[in-house]
Amino acid sequence: MAGNDWINSYLEAILDVGPGLDEKKSSLLLRERGRFSPTRYFVEEVVSGFDETDLHRAWVRVCSGDEESAREEYEVGEYVLEDLEPGSAKETVVVGYWKLGDVFLEGELAQRNAKRRLERERGRREAVADMSEDLSEGEKGDAVGDSSAHGDSIRSRLSRINSVDAMEAWANQQKGKKLYIVLIRHGLNFSSLIIQCASEEDYKAFSCLHGLIRGENMELGRDSDTGGQVKYVVELARALGSMPGVYRVDLFTRQVSAPDVDWSYGEPTEMLTLRDSEDFLDEMGESSGAYIVRIPFGPKDKYIPKELLWPHIPEFVDGALSHIIQMSKSLGEQIGGGKPVWPVAIHGHYADAGDSAALLSGALNVPMLFTGHSLGRDKLEQLLKQGRLSRDEINSTYKIMRRIEAEELSLDSSEIVITSTRQEIEQQWRLYDGFDPILERKLRARIKRNVSCYGRFMPRMAIIPPGMEFHHIIPQDGDVDGEIEGNENHPTPDPPIWAEIMRFFTNPRKPMILALARPDPKKNITTLVKAFGECLPLRELANLTLIMGNRDGIDEMSSTNASVLLSVLKLIDKYDLYGQVAYPKHHKQSDVPDIYRLAAKTKGVFINPAFIEPFGLTLIEAAAHGLPTVATKNGGPVDIHRVLDNGLLVDPHDQQSIADALLKLVAEKHLWAKCRQNGLKNIHLFSWPEHCKTYLSRIASCKPRHPQWQKNDDGSDTSDTDSPGDSLRDIQDLSLNLKFSLDGEKTGGSGNDNSLDSEGNASDKKSKIENDVLAWSKGVVKDTRKAVDQNSSSGKFPSLRRRKQIFVIAVDFDTITSLAEATRKIFEAVEKERTEGSIGFILSTSLAISEIRFFLASGGFSPSDFDAFICSSGSDLYYSTHNPEDGPFVVDFYYHSHIEYRWGGEGLRKTLVRWASSVTDKKAENKEGIVTAAEQLSTDYCYAFTVKKPGSVPAVKELQKALRIQALRCHAIYCQNGTRLNVIPVLASRSQALRYLYVRWGVELANMVVFAGECGDTDYEGLLGGLHKSVILKGVCSSASNQLHANRSYPLTDVMPSESPNIVRAPEESSGIRNSLEQLGCLKG
């Protein structure tokens, strides 16, 4: 068992003692002989004299728990202690066991943290050294997140919308805007929220992908994936849809038609009822409002947990992309003057939604936001600390490494990361390679001073607490004597839940201490009951109400929840709290406001004593009803208390501190009244309008990005901007790419290191080549723009627009000869359709354009055999041309503008060169370098390196980690069976290039067929899955699996779709390939 090596030594000590020794004399005899053993003495004197009944009973309770309960529980010792008499010798012994285990577990945790700290400090030093200026005191910046956190000056930074006049004033500022928002929620379901601004021709998208989602009667708590996040994202969509300036909100979720869920989850569309939107009816339009849009993906008619949905994320991305494009066109016709209204942002909620949002952000070239909610690294640390599962077992159960990689990718791609509390930043996000609070401050200071960061980027952390709906809440005043009967002037019946609670009390007029939490060990309810039971003054002044979920019978509860509830009942009996503690079995969600009202009417107090509380939404709910609060000092309540100032913070482990705080608020009426007043005065800082106002202002701070082209009514393409600066940039991009193409043509070939001219010859010809390339580039730019303008009328450029189907050859061979042979067999399989022109071909490869020229020449192919070439692992896109004056290839320079976001440029190149020089063969005597820069294969958006000994280089995850620690955002890909390393922009990939073709030219993804081997480059997983069809050639590239994918962060099987109807396996022969295509329905038999 991971982390519990101490158990082995403990068992060995027991075996050493043996069954035949006299427990009371053996250790003394050993001591007399000079061979005293402390471990032997511990076993003899402590364990042998221990009554096994208590330990056995506790152990059985732990072992009987289901998997979900077991992974959420604390250490075994916690359950042992529940069955032991407090203060007894037995309890002392078990505490010793428990703490001994913690020592070893914490030691391993300390080692991991120390290693992470050293790696981060080394990366930070290298990053600082690369920057041109020494960082001064002025560059240290403010504390992380200060610009958006609820700090001491929160009231001066955030104006409250606490009056009709203030709301109207803010609303008037938003007039003329029509935002379209997309939220995406992943896992079991996806939700996506899109904001669109017609005045700026922009569009916002948000994502969050799991849980069962519907607008009304949400089944919160139905399963672990349908919790508070579901309510949050629905309420966010509803609130944003009610904001002035927001035209449409789409909440994407998974369409589920399984027999074990309600039929409503299978409905394609559901309109959300908006609140407080009467003042903006004149801005409502044909497609305006807030909607839940359900997209089918994953197993049909089956409801599965989020851990099993990773292979199906590409399918969701393709479906969501199609919806966004269609909606963008529709809104363009309605409010955009005929031009598509692109998203201004995409917001992902949770790890898998962040992964999807990153892909959508890259496909549409729009800013991305991310909210993690619950983070994988934090969960992994907690599970490893418990020591019950090894790292491999944790990953197998939770797919935790894939989740962590998705969160790292979200950091790479996000402009802003939204958190609920400062604790989430300081204690959770700092665990990630892609976020370093210290380096973030340095980079932020340089940006403020307009100083170069040398290709380094860090997302901004913004603390925006979740909103609440307060319009229906009427604070309960009550009377001085605590009467709870109805007012004679307004004889309204009491809510039924009041009677259900009050029946427990001998004196229901006493102030009520209210706790509302699941019976979970983390919620620390037992400590609350002990604090109440042992404080006689508190018992005399107040009652205690515990709302611990719903239950029928204790035996039907999970072992974890049952254990906590039984402990509570035992404590009630121990302290004789009958008539003073209420613990009703049932309540409805609609009863919760009435429970708060009852506590406020009795001048009670709300308490949240959890060991750690990520946020604490119940604290805000309680404050809205006029209840002072006592809360844990660990986590989100600290930020809430700083804003509301309506209670006291306590150490959840300090029982006396909890009792003292409760007694203080209950006994001191003036303090109670002041806390109540402060809470009601400041509560609007947590309202949905305030949340949305801050949220929209954060989005507005992002630099607008969107596709750099627009389509005219006639279908032809024109550039949005045609400034000299843009033209110069395009020429420079073309110069570099076409220069490599000329080099390949000049040398006749492959473009490897050996084919280059000598250093002297290269120097002699450098000037002439550069001048020729620049002149040719200018001509190609001119001809390219002419071709684009004539695209619609002539139908000659690009050819792929005229095809019924597109076949993408993405087989990753390590030799050009093998690639040419496979290409010929694919051509032969569809020779008839190829001749007719109904099928077009795209070559998708890690090869540079110079190597593609050699591939075409050596294989006997013509450039016109392919409609497009996705080169350098997806960082370059070329089209073939039919006009000899244009040359064989024309580069899509708009694609470069699509992927250049956060590209590190020269700063990244220098770091990679330094890394390459440090990689040596440790087994070799001379420690020679085994990674060298391949400058002739590099382009502006791909830095290529040659690997001499693939088996001796660090795994791609280690390189990716090193780059992220230095705030360099990119994709590192081992190619050609490990002999090549390509480093490309974070938004670029071969799969993303296909999505670009869909967005740019309307080439339907469902009409694409991707040919791949059984394995391939380290970007192989992106080639499979999605709406396109895939043909896997049997036996091709099978050796690459062991070479390149053995040291992945997560197993390839975690993300590969199995039993998909869109994926078939075919023999490499042309006849077998055709049969497989017929099986997919791509060809007629």
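The rules behind each value
- Residue indices follow the written sequence of each chain, beginning from 1 at its first position.
- This being a predicted model, a pLDDT of at least 70 is required before a residue's local features are given, and a value of 80 or more before pairs of side-chain atoms are given or counted; all residues contribute to the totals for chains, interfaces and linings.
- Neither water nor hydrogens contribute to the side-chain values; these are computed over all heavy atoms in the structure.
- At least two bridges found by DSSP between two strands is the condition for calling them paired.
- In this text, helices come from DSSP runs of H or I with a minimum length of four residues, and strands from runs of E with a minimum of two, each type numbered from the N-terminal end.
- Simply put, an axis is a line fit to the C-alpha atoms, just over the touching stretch for a helix, and the angle between two N-to-C directions goes from 0 to 180 degrees.
- For Phe, Tyr and Trp, where Trp contributes only its six-membered ring, two rings pair if their centres lie within 6.5 Å, and the inter-plane angle classes them as stacked under 30 degrees, edge-to-face over 60, or tilted in between.
- A simple rule labels every residue: compare its accessible area, found with a 1.4 Å probe on the protein chains alone, to the largest value its type can have, and call it buried under 20%, exposed over 50%, or partly exposed in between.
- Any two residues having at least one pair of non-hydrogen atoms within 4.5 Å are treated as being in contact.

1. A short note on the sheet that holds strand E22 (residues 876-880)
Part 1 of the argument: Here we have eight strands laid out as an open sheet, ordered E23-E22-E21-E20-E19-E28-E29-E30, and mixed in their pairing. Each edge of the open sheet carries a strand with a single partner, namely strand E23 (889-891) and strand E30 (1063-1066). Direction aside, neighbouring strands of the sheet carry axes that sit 25 degrees apart on average.
Part 2 of the argument: In this structure, strand E28 (residues 1008-1012) lies alongside strand E29 (residues 1029-1033), joined through four bridges in parallel fashion. Considered in E29, the bridge of Ala1012 is made with Ile1032.

2. Topic: the environment of Pro259
Part 1 of the argument: With respect to the helices and strands, Pro259 occurs in the loop between strand E4 (246-254) and strand E5 (269-272).
Part 2 of the argument: Sequence separation of Pro259 and Lys302 is 43 residues, and the distance between their C-alpha atoms is 7.9 Å.

3. Things to note about the packing of aromatic side chains
Part 1 of the argument: One pass over the structure, following the stated rule, counts 22 aromatic pairs.
Part 2 of the argument: Taken together, a centroid distance of 5.0 Å and an interplanar angle of 50 degrees make the contact between Trp429 and Tyr432 tilted.
Part 3 of the argument: Given a relative accessible area of 0%, Trp429 falls into the buried group.
Part 4 of the argument: For the ring pair Phe869 and Phe889, a centre distance of 5.3 Å and an interplane angle of 90 degrees mean the geometry is edge-to-face. A residue pair is termed long-range when its members are at least 10 positions apart, and Phe869 in strand E21 (residues 868-871) and Phe889 in strand E23 qualify at 20 residues.
Part 5 of the argument: Judged by relative accessible area, Phe889 falls into the buried class, the value being 4%.
Part 6 of the argument: Taken together, the ring pairs connect Phe807, Phe827, Phe841, Phe855, Phe861, Phe866, Phe869, Tyr878, Phe889 and Phe1011 into an aromatic cluster.

4. A look at the sheet that holds strand E13 (residues 581-582)
Part 1 of the argument: Sheet architecture is open: six strands sit in the order E13-E12-E11-E14-E15-E16, paired in parallel fashion. Single-partner strands in this sheet number two, and they are E13 and strand E16 (647-650).
Part 2 of the argument: The sheet contact formed by strand E14 (residues 605-608) and strand E15 (residues 629-632) spans three bridges and is parallel. Bridging across to E15, Ile607 finds its partner in Val630.
Part 3 of the argument: In the packing of helix H24 (residues 637-644) onto the sheet, contacts are made with E15 and E16, and the angle to E16 comes to roughly 155 degrees.

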